[in-house]
Every structure is written in structure tokens, then in C-alpha cells.
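Spelled out, the chains give:
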Amino acid sequence: MENTVSIGEKDARSARSASSPVTGSAGARAPRRRVRAGWLALLPFVVVVALFEIMPLLQLALDSVIGRDSESLGLENYVRVFTTPLYQQSIWNSVWISLLSAVVGIVVAFLAARFASEASPRVRNAFTMVLNMMSNFSGVPLAFAFMILMGNAGVLTLIGQQFNIPFLANFNLYGSDGLVIMYVYFQIPLATLLLIPAFAGIRKSWREAATILQASSFDYWFRIVIPNLMPSILGTLSVLFSNALAAYATAYALVMNNYALLALQITSRFRGDVQTDAATGGALAMVLIALMVVCTLVNNYFTRRSAKGRELV
């Protein structure tokens, strides 16, 4: 009987030892298959990014350093960009309009996000739905809507002339004022949607502690809430600036090429009526990309500084 048991135990051990390498190899192959499946799933995305982002960017960089007249490598195109008054004015107009619309948008969005954070869930959901609709209303439809409202024969313009309201009667939509108002219009809902999650991180205990310490509302907001929200505010400000700097459809539908903007000048170099100028267009595009990169780096620097020693929301 003992011999039978020992023989059975030996058989079981031998069976386990024989099956363990198979099980181990199968278990090792499973993660590899999942990794390969993940790479295969990402392959279409990688192809799209390479074809429509990386390759055009490399082509722009190459065009920008090949001289339009000399056809040799150099900085001839960049010299032309920074010495031609039209291009200088385009860069300046794009920067100040983008910065102004981003600052105004972030201030209004801060107040709107505060309202949403303190409202009831039903009101917050309705408010978020309206913001989503407003954020998708941009481009040519937005420009056409403003033409109907504040154009030369717009509804508000006629009301201003009828009731002697100078701001409405004499408002010039087809210039810098109109561009700023339209940019602010589509900046506010985007900034509000980005700031609402940040307000969700504000704790009620902060207000209670401030009340116990007899802090005023000014101290509570400017010494507690805003410093903790500063990383989110700066990040949203960077997004708004980049969004306005690269905006094209709205500006083109409103002013076409009658106002100097960087995005409009880039397009006109690649879509000229007589001939194209890929060299200058590439240099202008690289200047636009450089402005966005500088804006992102500055934002990251101040975000890191504002986050030191504070609890991020």
C-alpha cells in the first residue's frame, strides 16, 4: 500500500513538473500579445500623426531655411519676415489680440466657473450644456452671426443709430474691435469649461478655517483660493492664447486679408492669387509655432513656481 502511494505521488509530481514550463511560457506570452495588440491599435494614430503633423512640420521647417531668391540654406526668409512692416504688424496684432482676448476671457470665465461651482447640480448641468453649445459655435457661422448683429447694417447697429447709442452706432466690426469681441466670445465658454473642474477641488474646510481666523472675503479669495487655483488659471490662459493666436476661419470670414494677422498672412503665402511663396510662408509658420512654444514654456515655468508649497486642486 505504501509503495502504491509513493508511486502515485511521484506520478503527480512528475505531471506537475512537466506541465509547469508550459503554463509559465503561456503566461509569459500573454502580456507580450497584449503589448503587441496595443501597438497595433495605436498604429493608425501614429500614421495619421506622422502624415498630417510631423511631415508637414518638417516640410515647413525646410521651406523656411531655403531662400526664396537665392534657393540656398540660410536665414533669408526670417530676415524678410522681421524686416517687412506688413509681417511685423501681423505678428504684433496677433500677439496683442490673443493676449487681450485671453485675459478678458479668463476673468469672465473665472466668475462663471465660480457661479457653476456654487450652483445646484441641476443648474450646473444646464449651464454646462449651454457652454458646450457656445464653445462649438465658432468659425464662419460665428462671423456671420456677428455681421447680422453688429455689421454695417446689423440689428444692434440700427438700434444704436435709432436711439443714439454711440458705441453701437459707430462700432467697427471689420477691424481690431470686432476681432477682439469675437475672440472673447469663443474664449469664454472654453475657459469656463476648463476651470469648472478646478473649482470642484476647493474644500469647504478652507472657508470654515478662514471664518474662524476672522479672514475677510478678500483674504479668502486672494490668499487661499486663487493661489491654489493659479496652476489651473495659468494653464487655461496658455490654452486661450494659443487658441486665439492660431484662429483662422473666424478672422478670415470677417476681415479676409484686409487686416494684418499672422494666421491670415501664412495662408495668403500658400494660397496666392498669382503665385505661392512657400519660403516666406514657412518662415511665418515657424514664427507662429515659436510663439506658441514660448507661451507654453513661460506658462510651465510660472505654473511650477505657483505650485511650490501649495496643495494643487
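Reference entry: report on the structure contained in this document.

A separate point is the overall build of the protein chain. Helix and strand counts for the protein chain come out as 13 helices and 0 strands. Overall, the protein chain shows an N-to-C arrangement of helices and strands of α-α-α-α-α-α-α-α-α-α-α-α-α. Expressed as a percentage of its 313 residues, the buried residues of the protein chain come to 33%. Within the protein chain, contacts between residues at least 6 apart in sequence are counted, and of these 68% link residues at least 24 apart.

The next thing to look at is the environment of W96. Here W96 is to be found in helix α3 (residues 85-118). Given a relative accessible area of 26%, W96 falls into the partly exposed group. With residues near it in sequence (within four places) discarded, W96 still touches S176, V180 and Y259.

As a further point, take the side chain of T250. As for its position among the elements, T250 is in helix α11 (residues 249-255). With a relative accessible area of 4%, T250 lands in the buried category.

Inspection of the secondary structure puts R271 in the loop between α12 (262-270) and α13 (278-307). For R271, a relative accessible area of 40% puts it in the partly exposed group. With near-sequence residues (within four places) excluded, R271 lies in contact with Y248, Y252 and T276.

Relative to each other, helix α5 (residues 140-150) and helix α8 (residues 176-199) sit at 125°, their axes nearing to 11 Å. The angle between α5 and α8 falls in the class oblique. Handedness of the crossing formed by α5 with α8: right-handed. When α5 is examined against α8, the residues L142, A143 and F146 are found in contact with a partner set consisting of I181, M182, Y185 and F186. Here the contact of α5 with α8 is composed, by residue class, of 7 nonpolar, no polar and no charged.

Cut-off values and rules
Residues numbered from 1 in each chain as written. Predicted model: local features only at pLDDT ≥ 70, side-chain atom pairs only at ≥ 80, totals over all residues. Heavy atoms only, no water. Helix = DSSP H or I, 4+ residues; strand = E, 2+ residues; numbered from the N terminus. Buried < 20%, exposed > 50% of the residue type's maximum accessible area, 1.4 Å probe, protein only. Contact = heavy atoms within 4.5 Å. Axes fitted to C-alpha atoms, helices over the stretch in contact; angles between N-to-C directions. Parallel < 35°, antiparallel > 145°, perpendicular 65-115°, else oblique. Left-handed = near helix turned anticlockwise from the far one by under 90°. Nonpolar A, V, L, I, M, F, W, Y, C, P; charged D, E, K, R; others polar.

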